Amino acid sequence: MNWDEPTETAGGQPGGTADRLVGPDADGEDTAVEAALRPKDLEEFVGQERVREQLDLVLRAARARGATADHVLLSGAPGLGKTTLSMIIAAEMGAPIRITSGPAIQHAGDLAAILSSLQEGEVLFLDEIHRMSRPAEEMLYMAMEDFRVDVIVGKGPGATAIPLELPPFTLVGATTRAGLLPPPLRDRFGFTGHMEFYAPGELERVIHRSAGLLDVHIEADGAAEIAGRSRGTPRIANRLLRRVRDYAQVKADGVITRETASQALDVYEVDARGLDRLDRAVLTALLKLFGGGPVGLSTLAVAVGEERETVEEVAEPFLVREGLLARTPRGRIATPAAWAHLGLTPPQPQVPGGGQQGLFGT
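All of the points below concern the structure found in this document. What you see is a predicted model; the values in this text were computed from it and never measured.

Residues separated by three or four positions in an α-helix point in the same direction, a consequence of the helix having 3.6 residues per turn. Between the first and last C-alpha of helix H11 (residues 277-289) there are 17 Å, a value that for 13 residues agrees with the 18 Å anticipated at 1.5 Å per step. Residues of H11 that are buried: Leu278, Asp279, Val282, Leu283, Ala285, Leu286 and Leu287. Directly after H11, the chain includes Gly291, whose backbone phi takes a positive value near 60°.

See the structure below:
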């Protein structure tokens, strides 16, 4: 199974997404289960074929040279396997790994303390690297390129920079917003991999693997049903699998079939396309109250009873990616697919003049 280990709470997301069954961020239960389900090497890792092949070449070449691997930058949405790949990099190189996050490094001294304690060849995984403070970021430039940092002692005119040599190490940076990284930082990574959303077939393989580790009997059509509702994200697929497992143990004979999976996810309000209550509430308000739009974001948020940021950053990205909602300069509008998904008929366009014929016909 491939997904990320969280390094920040759900409170970092507007409205909090960890309480959503289809939210991409990990909750406490996810964190406890993920450790046992993570693949240990690239052969076990499912999906991300291009990134996996390229990374395999980088690691093999480094081992052949007897050198540390190049610094690696992994970008992509939460839950796609960035933390898992960082642990695999360490395992493939036979090196220990240290995990921290950008928000935890608010001062250059915080970063200096971490870097100065690294062992030769160690892997430093820095999650949400785009949220690191600017002074620490500037210190990281020199550390990545020259394996050296300058520690400032004293203040004012009497301050002195003491150079501190660092052992060679591999930095693995992960970010959900690669566009926020400054070019000088991006350029110092020897390998950059972008994590894509998973195809349903890849998610089925993830689900079968996780079901085996969890000792759950699942049929092929049951795995396909769960995969189709998992938003292309292994973490969500794993979470849905656990909820369907609970339903199958209580309501069925413990075997996950298509019918059992469908009934279970209906109970948890996750529909056939992976939309949950919040997603459907946004679409329903847009269609029924505003005729499909265009409507402003603030007005739409009030109609749904949620904060503006919750609608914009929690619900909208998936709806836009699914082609159910579009952002325009005039506001949000629903697509024909949204009307079809909710089983509604779009209103007929009105004929100018109140629908009446003009003097010379239509």
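So, on to the environment of Leu111. Residue position: Leu111 is located in helix H4 (residues 108-116). Judged by its relative accessible area of 0%, Leu111 is buried. Considered as a pair, Leu111 and Glu137 are 26 residues apart in the sequence and their alpha carbons are 8.8 Å apart. Setting aside residues up to four positions removed in sequence, Leu111 forms contacts with Ile105, Ala136, Met139 and Leu140.

Counted residue by residue, strand S3 (residues 123-127) has 5 buried out of 5 residues, so it is predominantly covered. Alternating residues of S3 divide into Val123, Phe125 and Asp127 and Leu124 and Leu126, and every residue in both groups is buried. Alignment of strand S2 (residues 97-101) against S3, held across 5 bridges, turns out to be parallel. Within S3, the residue paired with Ser101 across the bridge is Asp127. After leaving S2, the chain enters H4 and then returns to the sheet as S3, a path that is right-handed. Here 4 bridges tie S3 to strand S6 (residues 170-175), and the two strands are oriented parallel to one another. From the neighbouring strand, Phe125 faces S6, where its bridge partner is Val172.

Conventions adopted
- Residues numbered from 1 in each chain as written.
- Predicted model: local features only at pLDDT ≥ 70, side-chain atom pairs only at ≥ 80, totals over all residues.
- Heavy atoms only, no water.
- Helix = DSSP H or I, 4+ residues; strand = E, 2+ residues; numbered from the N terminus.
- Expected span 1.5 Å × (residues − 1).
- Buried < 20%, exposed > 50% of the residue type's maximum accessible area, 1.4 Å probe, protein only.
- Contact = heavy atoms within 4.5 Å.
- Pairing = 2+ DSSP bridges.
- Right-handed = clockwise from strand over helix to strand, strands pointing away.

Structural measurements only, silent on function.
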